[in-house]
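# Geometric and topological summary
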Amino acid sequence: MQLTLWTYEGPPHVGAMRVATAMRDVHYVLHAPQGDTYADLLFTMIERLPRRPPVTYTTFQARDLGSDTATLFKDAAREAYERFRPAALLVGASCTAELIQDDPGGLALALGLPVPVVPLELPAYQKKENWGAAETFYRVVRSLATPHAPPAGFKRPPRPSDRRATCNILGPTALGFRHRDDLRAVREMLDLLGVEVAVVAPLGASPADIARLGEADFNVLLYAETAGQAAQWLTRTFDQPCVRTVPIGVRATRAFIEEVAALAGCDPQPALAGVPSHSSWYSRSVDSTYLTGKRVFVFGDATHAIAAARVAAEELGFTVVGLGSYSREFAREVREAARGYGVEALISDDYLEIEAKVAELQPELVLGTQMERHVAKRLKIPCAVISAPVHVQDFPARYSPQMGFEGANVLFDTWVHPLMMGLEEHLLTMFRGDFEFHDAAPASHLGSAAATAPAAPAQAAPADAVASAAWTPDAERELGKIPFFVRGKARRNTERYAAERALSQITVETLYDAKAHFSR
């Protein structure tokens, strides 16, 4: 375990809470000290749920460690059942409670409660949040669906021709990045195909729904981080095929529709033509072609990072200069995707390492998590959020999916708008010398008073600052011809280029040599 100021994932019991909070008629009894109740805020403050998570904490304190904490847990579990009357009870320990080894699973099973008890063994010092969510969902599915499992070696019979195809949608959880909106987009596509959704899990599913997962004809896996393990078990046990194409971007959405149609035995055309997407044409329009070749750095969970890199390169014409993920369980998939762009994947959960990589690459756009939003803001690089971890503004009140054709529109707007568009740059260049429109001109909406406001005194350079190479007058004039919104980056790159070569003077030739060097 590494101490850090920021972390991409919480401990695994937070992942278990995401599953429990997403479901109906379940309750999670968490053996935890008083301070671990902070996790409630993730759901009520960030996701803005109108209810508390269905979690009961034992909330033992330091003075309880000298007494019988096992009895404390049993009392909490019994009281939680009596108060909430869930159809299934999840039990586990937080990272702190794991150290006292009270065995919450065994203690809860010994109570003889009249509902299924699902013990969760979540090693807090080796695993993290997404793994905890996946393990919790897998244990819930195995515990509740196994009594309805067919004999070993079962082969699913063909579906009767007079019955609509049915599927389960697996993966959406509480606190998931745009899971609510993605689910709506996917359901609309399935409806256009005539496929009936049997169960969505864990989001909105009850224990009774989990028990009948095996009845559907196939599964649709939206987020492998949270449901990949459960989907594999359902395939082995119930012989259920699984759609694994993630419909992020126009091309992937088309592939998803065709894969579902092949399993359901239906015509894909109604869904392919059902919802028009503006993003394909917008990305080919005159102004957007200026964006071709923009250098982009992508980082997030594996599902969103791989999909974002593909959309950026294949649909928007960007150049992927960096791709990475904090999802170590999916490092192989991320590395394989990175090889396709000729870059080395960055697999890390150290935000300082990611920040250093962004600073080194100096991309023109960062697609990442809330962490990269802060990093990009500090480095003055445009950024769009594509993956958890996220903050409150990434749970918008409006419909804003990442999946499906409408999701492709959202991606285009979200990614392109932070960038300087072609027409905008042409106008800025055309009017660069205008008396009202130049680098030193005040904002027009501030009025004439802004022009007469006294300038802020220049701050002295730090005592330990390293002297940079001097700019010749010709080089300064040439730098002034660069549009002001990228001039700072050009100056930084040129000074960095000169420093690396121990040049004492920056000439016009140095400026263009640096431009050629960083354009490669």
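Residues numbered from 1 in each chain as written. Predicted model: local features only at pLDDT ≥ 70, side-chain atom pairs only at ≥ 80, totals over all residues. Heavy atoms only, no water.

Compared with an ideal rise of 1.5 Å per residue, which puts 15 residues at 21 Å, helix α9 (residues 250-264) spans 21 Å between its outermost C-alpha atoms and is within 8% of the ideal. Every buried residue belonging to α9 is among V250, A252, T253, F256, I257, V260, A261 and A264, and all of these are buried. Directly beyond the C-terminal end of α9, a positive phi value near 65° is found at G265. (Helix = DSSP H or I, 4+ residues; strand = E, 2+ residues; numbered from the N terminus. Expected span 1.5 Å × (residues − 1). Buried < 20%, exposed > 50% of the residue type's maximum accessible area, 1.4 Å probe, protein only.)

Because side chains alternate across strand β12 (residues 365-368), one face comprises the buried residues L365 and L367, and the other comprises V366 and G368, equally buried. Note that strand β9 (residues 295-300) and β12 share three bridges and pair parallel. Its bridge partner lying in β12, F297 is registered against V366. When β12 meets strand β13 (residues 383-385), the two strands line up parallel, connected through three bridges. (Pairing = 2+ DSSP bridges.)

What follows is about the confidence of the model for the protein chain. Detailed reading of the predicted model is not advised wherever pLDDT is low. Taken over all residues, the pLDDT of the protein chain has a mean of 87, while the share at 70 or more is 85%. Note that residues 443-451 has pLDDT below 50 and, in this model, two contacts with residues that lie over four places away or in other chains. The model gives residues 453-466 a pLDDT under 50, and that stretch makes zero contacts with residues more than four places away or in other chains. (pLDDT = per-residue confidence, 0-100. Contact = heavy atoms within 4.5 Å.)

So, on to the environment of V200. With respect to the secondary-structure elements, V200 resides in strand β6 (residues 196-201). Classification of V200 as buried rests on a relative accessible area of 9%. For the pair V200 and I210, spaced ten residues apart in sequence, the C-alpha to C-alpha distance is 9.0 Å. Beyond its immediate chain neighbours, meaning those up to four positions away, V200 contacts I169, P172, L183, R187 and A205.

Moving on, we get to the sheet that holds β13. On the basis of which strands lie adjacent, the open sheet formed by five strands has the order β11-β10-β9-β12-β13 and parallel pairing. Edge positions in the sheet fall to β11 (346-347) and β13, since each has one partner strand and no second. Across six bridges, the pairing between β9 and strand β10 (residues 319-325) is parallel. Bridged to F299 within β10 is G324. Helix α14 (residues 351-361) contacts β9, β10, β11 and β12 of the sheet and is inclined by roughly 170° relative to β9. This element, helix α15 (residues 370-379), spans β9, β12 and β13 of the sheet and lies at about 170° to β13. (Axes fitted to C-alpha atoms, helices over the stretch in contact; angles between N-to-C directions.)

A few words on α15. Buried residues of α15: Q370, M371, E372, V375 and A376, and no others. N-cap assignment for α15: the residue whose side-chain oxygen lies 3.1 Å from the backbone N of M371 is T369. Looking one or two residues beyond α15, the residue adopting positive phi is K380, at roughly 60°. (Polar contact = N/O pair within 3.5 Å; in protein donor to acceptor, adjacent residues only side chain to side chain.)

All right, on to the environment of L221 then. Note on placement: L221 falls in strand β7 (residues 218-221). What L221 contacts, discounting residues up to four positions off in sequence, is L170, A227, G228, A231, C242, V243 and R244.

This part covers the packing of helix α6 (residues 179-193) against α9. The N-to-C vectors of α6 and α9 enclose an angle of 45°; their axes lie 11 Å apart at closest approach. With respect to α9, the element α6 is oriented oblique. The two elements α6 and α9 cross, and the hand of that crossing is right-handed. Residue-level contacts link V186, M189, L190 and L193 of α6 to T253, F256, I257, V260 and A261 of α9. (Parallel < 35°, antiparallel > 145°, perpendicular 65-115°, else oblique. Left-handed = near helix turned anticlockwise from the far one by under 90°.)

This part covers the sheet that holds β6. Here four strands make up an open sheet; going across it, the order is β6-β5-β7-β8 and the pairing parallel. A single partner strand is all that each edge strand has here, and the edge strands are β6 and β8 (242-243). Set on the sheet, α6 makes contact with β5 (166-170) and β6; between it and β5 the angle comes to about 165°.

Attention now moves to the packing of α14 against α15. The packing of two helices is summarised by the inter-axis angle and the distance between the axes. Following both chains from N to C, one finds α14 and α15 inclined at 40°, their axes separated by 10 Å at the closest point. The orientation of α14 with respect to α15, classified from their angle, is oblique. Seen along the crossing, α14 lies across α15 with a hand that is right-handed. Taking contact as the criterion, the partners of I354, E355, V358 and A359 in α14 are, on α15, E372, V375, R378 and L379. Its residues assigned to classes, the contact of α14 with α15 comprises five nonpolar, no polar and three charged. (Nonpolar A, V, L, I, M, F, W, Y, C, P; charged D, E, K, R; others polar.)

This brings us to the side chain of E129. Mapped onto the elements, E129 comes out in helix α5 (residues 129-145). In terms of polar contacts, E129 uses its side chain to reach the side chain of R18, at 3.1 Å. Those residues within four positions of E129 in sequence are excluded, and the remaining contacts are E9, G10, P11, P12, V14, G15 and R18.

This part covers the pattern of salt bridges. In total, this model carries 24 salt bridges according to the counting rule given. Between R251 and E314 there is a salt bridge; the shortest N-O distance is 3.6 Å. Pair noted here: R251 is in helix α9 and E314 is in helix α12 (residues 302-314), with a separation of 63 residues, a long-range link. The partly exposed category is assigned to E314, whose relative accessible area is 40%. Across the pair E500 and R501 runs a salt bridge, and its minimum N-O distance is 3.5 Å. Classification of R501 by relative accessible area gives partly exposed; the value is 36%. Beyond isolated ion pairs, a larger network of salt bridges with shared partners links R24, D209 and R212. (Salt bridge = Lys/Arg side-chain N within 4 Å of Asp/Glu carboxyl O.)

Among the six residues that make up β9, six are buried, leaving the element largely enclosed by the rest of the structure. Residue alternation in β9 divides its side chains into two sets, R295, F297 and F299 and V296, V298 and G300, and both sets are buried. Each parallel crossover has a hand, and for β9 linked through α12 to β10 it is right-handed. (Right-handed = clockwise from strand over helix to strand, strands pointing away.)

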